[in-house]
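For reference, the chains in residue letters:
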Amino acid sequence: MSGVHVSTTVNGDAVEFVCPPGETLLDVLRNRLNLIGAKEGCGTGDCGACSVTVDGRLVCSCLVLGAEVEGAKVGTVEGMAEGGELHTLQSKFIEHAALQCGICTPGFLVAAKALLDRNSDPSEEEIRYALAGNLCRCTGYDKIVRAVDAAAKQLATDATKSGKKSKRR
Amino acid sequence: MAETAPDTSFTNQDFKIIGTRPPRPDGVDKVTGRAKYGADAFAAGQLTALILRSPHAHAKILSIDTKRAEKLKGVKAVVTCEDLPDLTGGNRGMLDILENCMARGRALYDGHAVAAVAAIDAETAKKALKLIKVKYEVLPHVTDVDEAMKKKAPIIQPHIRTTGVDPKPKKASNVAARSQFGHGDIEAGFAAADVIVEESYKTEQTHQGYIEPHACLASVGPDGQGELWVTTQGHFVFRNTCAALLGMEVAKLKVTSSEIGGGFGGKTHVWMEPVALALSRKANRPVKLTMSREEVFRASGPTSSTSIDIKIGATRDGRICAASAELRYQGGAFPGIWGMLGAMTTWACYDLENCQSVAFDVLVNRPKSAAYRAPSAPMAAFAVESTIDLVAAKLGMDPVDFRILNAAKEGTRASYGPTYGPIGIGPTLEAVKNHPHMKAPLGPNQGRGMACGFWFNFGGQTCTDINVGVDGTVSLTVGTMDVGGSRASLSLIAAEELGIPYERVKCNVADTASLGHNDMTEGSRGTFSSGMATIFAARDVVKVLRNRAAAMWEIDVDDVAWEDGQAVAKGIAHSNLSPLSLADIARKSPTTGGPIAGHNETVADGAGVSFASHICDVEVDPETGATKVIRYTVVQDAGKAIHPDYVEGQFQGAAAQGIGWALNEEYIYGEDGRLQNPGFLDYRIPVCSDLPFIDTEILEIPNPGHPYGVRGVGETSIVPPLAAIGNAVSNAAGVRLNHVPMSPPRILKAINAAK
Ligand code: FES
Ligand code: FES
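Criteria and cut-off values
- Residues numbered from 1 in each chain as written.
- Chains lettered and ligands numbered in written order.
- Predicted model: local features only at pLDDT ≥ 70, side-chain atom pairs only at ≥ 80, totals over all residues.
- Heavy atoms only, no water.
- Helix = DSSP H or I, 4+ residues; strand = E, 2+ residues; numbered from the N terminus.
- Rg over C-alpha atoms; globule rule 2.2 N^0.38 Å.
- Buried < 20%, exposed > 50% of the residue type's maximum accessible area, 1.4 Å probe, protein only.
- Contact = heavy atoms within 4.5 Å.
- Areas by Shrake-Rupley, 256 points an atom, 1.4 Å probe, with all protein chains shown as cover.
- Lys, Arg positive; Asp, Glu negative; His and termini not counted.
- Charge placed at Lys NZ, Arg CZ, Asp CG, Glu CD.
- Pairing = 2+ DSSP bridges.
- Axes fitted to C-alpha atoms, helices over the stretch in contact; angles between N-to-C directions.
- Salt bridge = Lys/Arg side-chain N within 4 Å of Asp/Glu carboxyl O.
- Polar contact = N/O pair within 3.5 Å; in protein donor to acceptor, adjacent residues only side chain to side chain.
- Right-handed = clockwise from strand over helix to strand, strands pointing away.
- Domains from an automatic or database assignment.
- Buried area = accessible area lost by both parts, 1.4 Å probe.
- Expected span 1.5 Å × (residues − 1).
- Parallel < 35°, antiparallel > 145°, perpendicular 65-115°, else oblique.
- Left-handed = near helix turned anticlockwise from the far one by under 90°.
- Nonpolar A, V, L, I, M, F, W, Y, C, P; charged D, E, K, R; others polar.
- 1 Å grid on protein atoms, 1.4 Å probe; cavity = no way out; pocket = protein on both sides within 12 Å on 5 of 7 lines; lining within 4 Å.
- Points joined across faces, edges and corners; volume = space filled by probe spheres on them.
- Phe/Tyr/Trp six-rings, centres within 6.5 Å; stacked < 30°, edge-to-face > 60°.
- Core = buried A, V, L, I, M, F, W, Y, C linked by side-chain atoms within 4.5 Å.

### Focus on the overall build of chain B
Part 1: Scanning chain B from N- to C-terminus turns up 21 helices and 27 strands.
Part 2: Its C-alpha atoms give chain B a radius of gyration of 27 Å, within 12% of the compact-globule value 27 Å for 755 residues.
Part 3: If you line up chain B on its principal axes, its C-alpha atoms span 85 × 75 × 55 Å.
Part 4: Put simply, chain B has 755 residues, and 63% of those count as buried.
Part 5: In chain B, the proportion of contacts linking residues at least 24 apart, taken out of those at least 6 apart, comes to 79%.
Part 6: Counting every atom, chain B has about 26300 Å² of accessible surface; 52% of that belongs to carbon and sulfur.
Part 7: Looking at charge distribution, chain B has the averaged site of its 75 positive side-chain charges lying 8 Å from that of its 83 negative ones.

Now the structure itself:
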């Protein structure tokens, strides 16, 4: 079978790969690009463990073909921390013990970031519905919702502070 | 050597850092995607494996033709049961494990493995599976537990004769075992009763539903040495099992446990790992084998479905005078101990003069059952705790007061034999009674329920090492998998004992070549038994540290004490010697006797029993029968919470699983004996928007069998939810559901029938 040649951007880096036309983006990320943060929990779009963003849109990478991301911008959990600094969501997940086994965590982080990117001050209900496509079997979601809420508040505080700073400048 | 006899002198001590909530050591790896789970390992030249599974619930396998598959380009190995000969030497239990991994002449359930291939890529492997021709002779099947017990039911294992009955039966049946527990005079007890309630219940089969499917990377060389990377709750046990089944030497098979993406009991058994090793041995290449979600549902180990009869008699003053139960547990196609465990736990919450439980382990054409968090207890508790509410109502008593009056306490003879030491059932009930949740107002169509639960917890074999680095940091090496934050808890324990900051300890999970045998992380034993071994290993280290300090000071070791993380010279004669920190001593270790280490091997006894009481509010939509949990509170005895975040996490996770079991989750089999819903779309586990926050209250009634008083915490809280929700639904909708899951159609049917 002849492969498809794809040029794309993953976490800001230009990337090229060749894959069979039927291969999922999840398999491409994991098996061709060594990005194992996205997990396969079901392969059918039902668990969210494979969540990534394509051009800022939250998707299940098990339902997207590798060939479809030609020219797109793909974001994975590996791109969340900036250098040595964790994203606020990541540090809040650790601080609030929002992970037990951690297999669902990359998917939750990507989905939570997608939520906060479009709604910086979500209610508990909005958080719960935004994360309803991600399954976690360990935590009962309690500490996950609290971590996302805490991250939203922290990001808001940080934004006010840096806003004030820039005004002063 | 450290002493291994439980030293209770530290129970209730003032802890410095035990009970604090520092970040877990593996946190950064897990939030950045760096942590490696079962499917995240790759080896040079690895092949991809796939398994061919039976589409029939019960069939004779007449022939398997693999020739065309073997000839396909890119296929490197095909195996059937011929490649996994019986080396078990008459050990039927081991042969069952082998037969479950690969069918031997008969397929016993939909999804039973019949052949496997390893090929250069998944696409080739998929094609190869299609080229394998299997001829089946389909046999009659049975998937329901009550049907399977009937005389005319198709026999699943012709060699089975029911154990636990006298005389031993001459004929085969699907009842693998009968077990009985209890004491007193049941007949006399019921004769004295003022009220008697008798009910029958059913619970459907559920799956642990861990998000990570089974996955492994196996590599066996022509020299007979092998390595296995695998997601498991017990890599030492996997090593022993795989080595025995494949005829390998234990020391020559190194098993490394990956990070584990959930297990809850389902990753305590081998399901496919011996097949991966057999493929690798045949192909002489590393082989990666992962299950799809559908395979996880069809061919790993869900929990039993059950059918249970309960009879409780009580006197007008509110005392239970007789209690009896008959429990029928379906164990899939191979015998297990699920009925026995159910019978042991049935009456464990109560102080009863006359009680009895009789259980049957029943074979059906479903996958072999496995443990699921406090295995077998939730179903028995559903039946008992629902009936307890009915008895209280009949007596006109408050259900909490009724339970308090009958609760087991220290000195109570447990229904399964032993006499209880200090236990938490009474205190959890008192906490429930006084909880603000119990007094909160309810809206229309809302109802409140509560229920209790019990679990034994286990100790078992453990081996732990502590090595002190020259810079004074400490490496703690354990052999129990970290399934939910135990590395943090164990680091806290080591730091507490040594008197050093938590950040100076790094906890690692060792592979099977690097540490002595450790049993599974099951029975809530991770923090209990590795914690105990860590305490003794740390005390072993302290002995060495005192010796080294004595050598540095050139004084008698008896004059050296270990206080607050430093060696202190005792007595006026030594008042000129200033204390030496762990780091001071470590720095000098190359010249004072070499590396500083401590270790401990133990069979940890004394895992304390644990009790929980839950409160739950639900709202039932009378039009659709849909039930929403609107408030939930867990009260559980932890003995001592080492890291409270992860104790709460266990309570919350267990409660959420119980809620799913109670309301939604079930294996649905068709007339053809095939599983109809092997996926997360049709087997629906609770999602974030289904649940409220789950409040927790940790009680600490120290376990005298552990130096810090720790009890296992991981399992008990899956026991009460089924009945707590059942009782709440009954109070909300005025109908009692004796069949879980209480799915909308079942509730609607009950509401309409009651009209
Ligand atoms: S693996 Fe993509 S949604 Fe489950
Ligand atoms: S932490 Fe295990 S599935 Fe979410």
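Past the structure itself, the notes keep going.
### Digging into the sheet that holds strand β19 (residues 505-509) of chain B
Residues and elements named next belong to chain B.
Part 1: The four strands are arranged β19-β18-β17-β23 in an open sheet whose pairing can be described as mixed. Each edge of the sheet is formed by a strand with only one pairing partner; in this case those strands are β19 and β23 (596-604). In this sheet, adjacent strand axes meet at a mean angle of 15 degrees when their direction is disregarded.
Part 2: Bridge count between strand β18 (residues 474-478) and β19: five bridges; the pairing is parallel. Each residue of the ladder has a partner; that of S475, found in β19, is K506.
Part 3: The strands touched by helix α15 (residues 486-498) within the sheet are β18 and β19, with β19 carrying the most contacts at an inclination of about 135 degrees.

### Overview of the pattern of salt bridges
Residues and elements named next belong to chain B.
Part 1: In the structure shown here, the tally under the stated rule is 48 salt bridges over all chains.
Part 2: Taking the shortest distance from any N to any O, the salt bridge between E294 and R298 comes out at 3.1 Å. Taken together, the residues E294 and R298, both in helix α9 (residues 293-299) and four residues apart, mark about one turn of the helix.
Part 3: On the basis of relative accessible area, E294 is assigned to the partly exposed category, the value being 39%.
Part 4: Given the relative accessible area of 9%, R298 is considered buried.

### Concerning the interface of chain A and chain B
Part 1: Taken together, the contacts link 45 residues of chain A with 53 residues of chain B.
Part 2: Counting across the interface, chain A meets chain B through four salt bridges.
Part 3: A salt bridge links B:E665 to A:R137, with the shortest nitrogen-to-oxygen separation between them at 2.8 Å.
Part 4: At the junction of chain A and chain B, the tally comes to 22 residue pairs in polar contact (both at pLDDT 80 or more).

### Concerning unusual backbone geometry
Residues and elements named next belong to chain B.
Part 1: For the bond from D166 to P167, the omega torsion is 0 degrees, close enough to zero to count as cis.
Part 2: A cis amide bond links V740 with the next residue in sequence, P741, at an omega value of 5 degrees.
Part 3: Phi is positive for N284, close to 60 degrees, though the residue is something other than glycine.
Part 4: On the secondary structure map, N284 appears in the loop between α8 (273-283) and β12 (287-290).
Part 5: With phi around 55 degrees, A374 is a residue other than glycine that occupies positive phi space.
Part 6: Tracing the chain through its elements places A374 in the loop between β15 (355-362) and α11 (377-395).

### Things to note about the environment of B:D26
All names here are of chain B.
Part 1: Looking at the element boundaries, D26 is found in the segment before α1 (27-31).
Part 2: Take D26: its relative accessible area is 7%, and that puts it in the buried class.
Part 3: Looking at D26, its side chain comes within polar contact range of the side chain of K30, at 2.8 Å.
Part 4: At a separation of 3.0 Å, a polar atom in the side chain of D26 contacts the side chain of R487.

### Topic: the pairing of strand β26 (residues 694-699) of chain B
Residues and elements named next belong to chain B.
Part 1: Where strand β25 (residues 627-637) and β26 come together, six bridges link them in parallel fashion. The residue bridging Y632 from the neighbouring strand is I694, located in β26.
Part 2: The parallel pair β25 and β26 is bridged by helix α19 (residues 644-663), and the resulting crossover is right-handed.

### Things to note about the sheet that holds β15(B)
Residues and elements named next belong to chain B.
Part 1: The mixed open sheet is built from six strands, whose spatial order is β7-β15-β14-β13-β8-β27. On the outer flanks of this sheet lie β7 (175-183) and β27 (739-740), each paired with one strand and no other.
Part 2: As paired strands, β7 and β15 are joined by eight bridges and run antiparallel to one another. By the bridge assignment for β15, H183 is matched with C355.
Part 3: Strand contacts of helix α10 (residues 338-345): β7, β14 (320-330) and β15, with the helix running at about 165 degrees to β15, the strand carrying the most contacts.

### Observations regarding the domain arrangement of chain B
Residue and element names in this part refer to chain B.
Part 1: When cut into domains, chain B gives domain 1 (8-36 + 459-604), domain 2 (41-139 + 212-261 + 267-299) and domain 3 (306-457 + 608-754).
Part 2: Of note, the centres of domain 1 and domain 2, computed from C-alpha atoms alone, are 40 Å apart.
Part 3: Between domain 1 and domain 2, the contact holds 22 residues from the first and 21 residues from the second.
Part 4: Taken over both partners, the interface formed by domain 1 and domain 2 buries close to 1600 Å², and the fraction arising from carbon and sulfur atoms is 62%.
Part 5: Counting across the domain 1 and domain 2 interface gives two salt bridges.
Part 6: Notably, a salt bridge pairs E259 with R487, separated by 2.8 Å at the nearest N-O pair.

### Concerning helix α3 (residues 105-118) of chain A
Part 1: Relative to the 20 Å expected for 14 residues at 1.5 Å per residue, α3(A) spans 20 Å between its end C-alpha atoms, a close match to the ideal helical length.
Part 2: With 11 of 14 residues buried, α3(A) lies mostly within the body of the structure.

### Concerning the domain arrangement of chain A
All names here are of chain A.
Part 1: Looking at chain A, the domain boundaries give domain 1 (4-79) and domain 2 (88-161).
Part 2: The distance between the C-alpha centroids of domain 1 and domain 2 comes to 22 Å.
Part 3: In this assembly, 12 residues from domain 1 lie in contact with 11 residues from domain 2.
Part 4: Taken together, both faces of the contact between domain 1 and domain 2 bury some 870 Å²; the carbon and sulfur share is 68%.
Part 5: The largest per-residue losses of area from domain 1 upon contact with domain 2 belong to C47, L58 and V77, which jointly make up 45% of the total buried on that side.

### Points about the packing of helix α2 (residues 88-95) of chain A against α3(A)
When two helices pack together, their arrangement is captured by the angle between the axes and the distance separating the axes.
All names here are of chain A.
Part 1: Remark: α2 packs on α3, axes separated minimally by 10 Å, with the N-to-C direction vectors making an angle of 130 degrees. Viewed along their axes, α2 and α3 adopt a mutual orientation that is oblique. In this structure, α2 crosses over α3, and the sense of that crossing is right-handed. On α3, the residues that touch L89, Q90 and F93 of α2 are T105, F108, L109, A112, K113 and L116.
Part 2: Split into classes, the residues belonging to the contact of α2 with α3 amount to six nonpolar, two polar and one charged.

### Overview of the side chain of B:T306
Residues and elements named next belong to chain B.
Part 1: Examined against the element boundaries, T306 turns out to sit in strand β13 (residues 306-314).
Part 2: For T306, a relative accessible area of 1% gives the class buried.
Part 3: Within the local environment of T306, its side chain forms a polar contact with the side chain of T203, the two groups lying 2.6 Å apart.
Part 4: Not counting chain neighbours up to four residues away, the residues in contact with T306 comprise V145, Y201, K202, T203, R328, Y329 and M379.

### A word on empty space enclosed by the protein
Residues and elements named next belong to chain B.
Part 1: In the structure shown here, the tally under the stated rule is four cavities of 30 Å³ or more.
Part 2: Lining the largest cavity are 13 residues, and of these T345, T346, C349, A381 and V719 sit closest to its centre.
Part 3: Those elements that place two or more of their residues in the lining of the largest cavity are α11 and β16 (446-455).
Part 4: Element by element, the count of residues in the lining of the largest cavity is highest for α11, at five residues.

### Remarks on the packing of aromatic side chains
All names here are of chain B.
Part 1: Under the counting rule described, the total for this entry stands at 16 aromatic pairs over all chains.
Part 2: Seen from their ring centres, Y420 and F611 are 5.8 Å apart, and the 80 degrees between their planes marks the pair as edge-to-face. Of the two residues, Y420 is situated in the loop between α12 (399-406) and α13 (425-434) and F611 in strand β24 (residues 610-620); the sequence distance between them amounts to 191 residues.
Part 3: For Y420, a relative accessible area of 5% puts it in the buried group.

### Remarks on the nonpolar core
Part 1: A:F93, A:V148, B:Y416, B:Y420, B:I725 and B:M742 are the most contacted members of the largest nonpolar core, which has 188 residues in total.
Part 2: Apart from the residues within four sequence positions on either side, B:M742 is in contact with B:F382, B:A662, B:L663, B:L722, B:I725, B:G726, B:V729, B:L737 and B:I747.
Part 3: One finds B:I18, B:A495, B:M532 and B:I585 within the second-largest nonpolar core, a separate group that totals 47 residues.

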